[in-house]
Amino acid sequence: MTALDELKARLLEVDDLKSAASLLRWDQATYMPPGGAVARGRQTSTLGRLAHEKFTDIAIGRLLDQLERETASMPHDSDDASLVRVTRHHYEQAVRIPASLVSACDEHAAKSYQAWTLARPANDFATMVPLLEKTLELSRQRANCFPGYASIADPLIDVSDFGMKAEAMRSLFSTLRTRLLPIVRAITSRSPIDNACLRQHAPLADQLAFGQQVIEAFGYDSARGRLDLTHHPFMTKFSLGDVRITTRVRENAFLDALFITLHECGHALYAQGIRKELDGTPLADVPSAGIDESQSRLWENLVGRSRGFWEHFFPKLQHAFRKQLGNVSLDTFYRAINRVECGLIRGGADEVTYNLHVMLRFDLELDLLEGRLAVKDLARTWRERFEADFGIAVPDDRDGVLQDVHWYDGPIGGAFQGYTLGNIMSAQFFAAATAAQPEIPTQIARGEFGTLHHWLRGNVYQHGKKFTASEVIRHATGNDMSVEPYLDYLWNKFQPLYGLTERDRMTLA
Ligand code: ZN
């Protein structure tokens with residue numbers, strides 16, 4: 001057996017254990033009866049521990065040493081050289097953090113999460129202060145396992161958005177924020193769009209069926225996946241032949257389910273599009289949280305909330321929901337699904353205000369990690385920043401600093417930037433695809449998605465994790481990541497919806 005074969009065989013075992021754990025988690029989130037919870041927690045953590053032990057085996061380190069020499073002269077994009085490079089990165093991530101710190105983090109996260117489930121409904125941030133202080137300390141310890149960083153946030157960001165640096169992101173986000181704020185101000189000074197047509201009752205089964213019809217038109221392969229119901233929707237992959245999505249249906253919030261389904265389908269199209277030769281290796285994955293989110297956002301928003309998409313699908317939607325939409329015009333409907341609103345909650349926020357929620361969290365994470373902000377002042381700082389950005393007061397911490405689970409069940413640092421990176425990249429990929437294939441918008445208006453899907457598969461999906469997000473974006477679009485295509489997209493879409501003028505765009509710039 002060659003060293004490469006041995007490495008692949010060992011990695012396949014690790015992948016099997018991880019996939020089994022993912023299947024147990026999928027079952028827990030969909031069909032498991034409540035009585036299974038305690039044993040299920042133990043079962044997934046046993047599998048996780050076994051996978052970790054196998055992966056951090058010193059033999060893997062020795063194989064990587066040998067294979068790095070053997071693959072040194074291979075091209076950067078060869079499958080074998082990429083496998084060695086990416087596995088080395090994962091291996092260092094896994095072995096540099098001492099087991100004692102990993103278990104201290106896990107234990108603390110469980111305790112903190114438990115406290116948060118009570119503190120949020122009770123609007124009780126004070127209880128969370130000592131727990132968050134400990135989380136911050138543990139997050140710093142984690143980062144310090146990777147010395148040599150420019151910002152202490154860099155190693156934490158690396159976990160989800162490999163290669164992205166706090167400083168580069170700070171400047172990207174600050175440009176975006178400066179240019180977004182005048183647009184948000186201008187939109188919220190106009191009278192709100194009426195979205196009453198969405199606030200209607202519609203049966204669960206009909207909502208699910210419509211979503212299924214759209215994702216199949218997108219190119220989701222149901223022979224290699226399935227759609228189920230859950231409380232907190234997600235996409236999960238057990239192999240490249242089994243990529244599942246989950247959604248949530250609210251009978252009174254008509255169409256929420258459809259957009260959630262399209263979002264998760266975007267993640268799934270990415271996973272289903274990875275070359276099958278990479279299956280069972282660390283390369284059968286996405287390069288970063290941001291680029292993964294770029295695809296959920298692209299299919300959900302740039303396609304699913306576009307005028308062209310609904311020119312084709314609105315008559316079908318009206319047919320399926322005659323009682324709700326029989327007397328609603330396409331124009332009224334299109335405006336309703338694109339209504340912009342300054343709300344308190346990040347989840348479900350519209351395309352224009354969403355990033356302000358993310359950037360607020362990202363900046364506060366940096367301030368905490370870099371020592372400019374103390375945890376005891378976090379809730380107050382949140383309220384001040386929120387009011388400055390959104391122009392509305394935060395009435396309580398429940399819908400302020402306590403609203404997202406991220407800081408309460410994981411480290412502080414690296415959890416949020418991917419959402420906005422995804423939005424930025426979604427527009428950049430879509431612009432590049434339509435520049436290469438100008439017929440895409442016309443095809444979307446006919447309910448045809450093959451050209452777009454094929455371009456994305458060829459330029460993004462098929463590579464899996466062989467390249468970093470920055471490399472993929474450069475190869476696919478010919479440019480480094482930039483906020484310009486995203487700002488152009490937002491302007492071209494929302495300018496006519498809200499009758500904005502050039503002056504609106506410039507006011508604060
Ligand atoms: Zn997503």
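Residues numbered from 1 in each chain as written. Predicted model: local features only at pLDDT ≥ 70, side-chain atom pairs only at ≥ 80, totals over all residues. Heavy atoms only, no water.

Enquirer: It is not clear to me how the overall build of the chain should be interpreted in this structure. Could you clarify?
Expert: Helix and strand counts for the chain come out as 23 helices and 3 strands. By the compact-globule yardstick of 23 Å for 509 residues, the chain fits well, its C-alpha radius of gyration being 23 Å. The 509 residues of the chain split such that 52% are buried. The long-range share in the chain, meaning contacts at least 24 apart out of those at least 6 apart in sequence, stands at 73%. In the form shown here, the chain has an accessible surface area of approximately 21900 Å², with 53% of it arising from carbon and sulfur atoms. Of the charged side chains in the chain, 57 are positive and 65 negative, and the gap between their average positions amounts to 2 Å. (Helix = DSSP H or I, 4+ residues; strand = E, 2+ residues; numbered from the N terminus. Rg over C-alpha atoms; globule rule 2.2 N^0.38 Å. Buried < 20%, exposed > 50% of the residue type's maximum accessible area, 1.4 Å probe, protein only. Contact = heavy atoms within 4.5 Å. Areas by Shrake-Rupley, 256 points an atom, 1.4 Å probe, with all protein chains shown as cover. Lys, Arg positive; Asp, Glu negative; His and termini not counted. Charge placed at Lys NZ, Arg CZ, Asp CG, Glu CD.)

Enquirer: Honestly, the domain arrangement of the chain in this entry has me stumped. Any pointers?
Expert: Where interface size is given, it is often the accessible area lost as the parts come together that is meant. By the assigned domains, the chain splits into domain 1 (3–141) and domain 2 (166–506). With both chains or domains summed, domain 1 and domain 2 bury close to 3400 Å², and 63% of this area falls on carbon and sulfur atoms. Looking only at domain 1, the three residues that lose the most surface to domain 2 are Trp26, Arg120 and Phe125, adding up to 20% of its buried area. Our count for the domain 1 to domain 2 interface comes out at 3 salt bridges. For Arg120, the salt bridge is made with Asp399, and the minimal N-O distance between the two is 3.0 Å. Linking domain 1 with domain 2 are 19 residue pairs in polar contact (both at pLDDT 80 or more), by the criterion used here. Breaking the side of domain 1 that touches domain 2 down by element, the ones donating at least two residues are α1 (3–30), α4 (79–96), α5 (99–119) and α6 (125–143). The residue makeup of the side of domain 1 that touches domain 2, split by class, is 18 nonpolar, 12 polar and 8 charged. (Domains from an automatic or database assignment. Buried area = accessible area lost by both parts, 1.4 Å probe. Salt bridge = Lys/Arg side-chain N within 4 Å of Asp/Glu carboxyl O. Polar contact = N/O pair within 3.5 Å; in protein donor to acceptor, adjacent residues only side chain to side chain. Nonpolar A, V, L, I, M, F, W, Y, C, P; charged D, E, K, R; others polar.)

Enquirer: Any chance you could explain the sheet that holds strand β3 (residues 242–247) here in plain terms?
Expert: Working definition: the strands of a sheet are paired by backbone hydrogen bonds and lie parallel or antiparallel to each other. Read across the sheet, 3 strands follow the order β1-β3-β2 without closing on themselves; strand pairing throughout is mixed. The open sheet is flanked by β1 (227–229) and β2 (235–239), the only strands paired with a single partner. With strand direction ignored, the average angle separating the axes of adjacent strands in the sheet is 30°. Sheet topology places β2 next to β3; 4 bridges connect them, and they run antiparallel. Following the sheet pairing, Lys237 is matched in β3 by Val243. Sitting on the sheet, helix α10 (residues 256–272) touches β1, β2 and β3, and the angle it makes with β3 is about 165°. (Pairing = 2+ DSSP bridges. Axes fitted to C-alpha atoms, helices over the stretch in contact; angles between N-to-C directions.)

Enquirer: What's the story with the packing of aromatic side chains in this structure? I'm lost.
Expert: Any aromatic ring pair is given by two values, namely how distant the centres are and how the planes are angled relative to each other. Under the counting rule described, the total for this entry stands at 24 aromatic pairs. Here Tyr113 and Trp116 contribute two aromatic rings whose centre-to-centre distance is 6.0 Å and whose plane-to-plane angle is 35°, an arrangement assigned as tilted. Highlighted residues: Tyr113 and Trp116, both in helix α5, separated by 3 residues, approximately one helical turn. Residue class for Tyr113 comes out partly exposed when judged on its relative accessible area of 36%. Here the aromatic rings of Phe210 and Phe321 are separated by 6.4 Å at their centres, their planes lie at 65°, and the arrangement is edge-to-face. You can see Phe210 sitting in helix α9 (residues 204–218) and its partner Phe321 sitting in the loop between α12 (307–320) and α13 (322–325), a full 111 residues away along the chain. (Phe/Tyr/Trp six-rings, centres within 6.5 Å; stacked < 30°, edge-to-face > 60°.)

Enquirer: How should I be thinking about the coordination of the zinc ion in this particular structure?
Expert: Around a metal, the ideal angle is 109.5 degrees if four donors adopt a tetrahedral arrangement and 90 or 180 degrees if six donors adopt an octahedral arrangement. At this site the zinc ion is bound by His263 (NE2), His267 (NE2) and Glu293 (OE), with donor distances of 2.1 to 2.3 Å. Sequence positions of the donors to the zinc ion reduce to the motif H-x3-H-x25-E. You can see His267 sitting in helix α10 and its partner Glu293 sitting in helix α11 (residues 289–303), a full 26 residues away along the chain. Residues His267 and Glu293 agree in their burial class; the two are buried. (Donors = N, O, S within 2.8 Å, 3.2 Å for Na, K, Ca; no water.)

Enquirer: I'm lost on the pattern of salt bridges in this one. Help?
Expert: Side-chain pairs of opposite charge can arise whenever the charged atoms involved come near each other. Scanning all chains against the criterion turns up 41 salt bridges. For Glu277, the salt bridge is made with Arg275, and the minimal N-O distance between the two is 3.4 Å. The class of Glu277 is exposed, set by a relative accessible area of 51%. Put simply, Glu341 and Arg339 hold a salt bridge, and the shortest N to O gap is 3.0 Å. Look at Glu341 and you get partly exposed, because its relative accessible area is 43%. Members of the salt-bridge network, linked through shared partners, are Asp65, Glu68, Arg88, Glu92 and Arg96.

Enquirer: What's the story with unusual backbone geometry in this structure? I'm lost.
Expert: If a residue is not glycine, its phi is most likely negative; likewise, a peptide bond is most likely trans. Positive phi outside glycine occurs at Asn123, with the angle close to 55°. By the secondary structure assignment, Asn123 is in the loop between α5 and α6. Residue classification places Asn123 among the partly exposed positions, given a relative accessible area of 27%. Of note, Leu255 is a non-glycine position whose phi angle comes to about 85°, a positive value.

Enquirer: Can you walk me through the environment of Ala432 in this structure?
Expert: With respect to the element layout, Ala432 can be found in helix α18 (residues 417–436). Setting aside residues no more than four positions away along its own chain, Ala432 makes contact with Trp455, Ala476 and Thr477.

Enquirer: How should the nonpolar core be read in this particular structure?
Expert: Generally speaking, a soluble globular protein has its nonpolar side chains buried in company with each other. One finds Trp310 and Phe429 to be the most contacted residues of the largest nonpolar core, which totals 127 residues. Top contributing element to this core by residue count: helix α8 (residues 166–189), with 11 residues. Here this core spans two domains, and each of domain 1 (3–141) and domain 2 (166–506) adds at least three residues to it. In this view, Trp310 contacts Phe210, Leu258, Phe259, Gly304, Arg305, Pro315, Leu317, Leu330, Phe333 and Ile337; residues no more than four positions away in its chain are not counted. With 24 residues, the next largest nonpolar core counts Leu17, Phe55, Ile60 and Leu283 among its residues. (Core = buried A, V, L, I, M, F, W, Y, C linked by side-chain atoms within 4.5 Å.)

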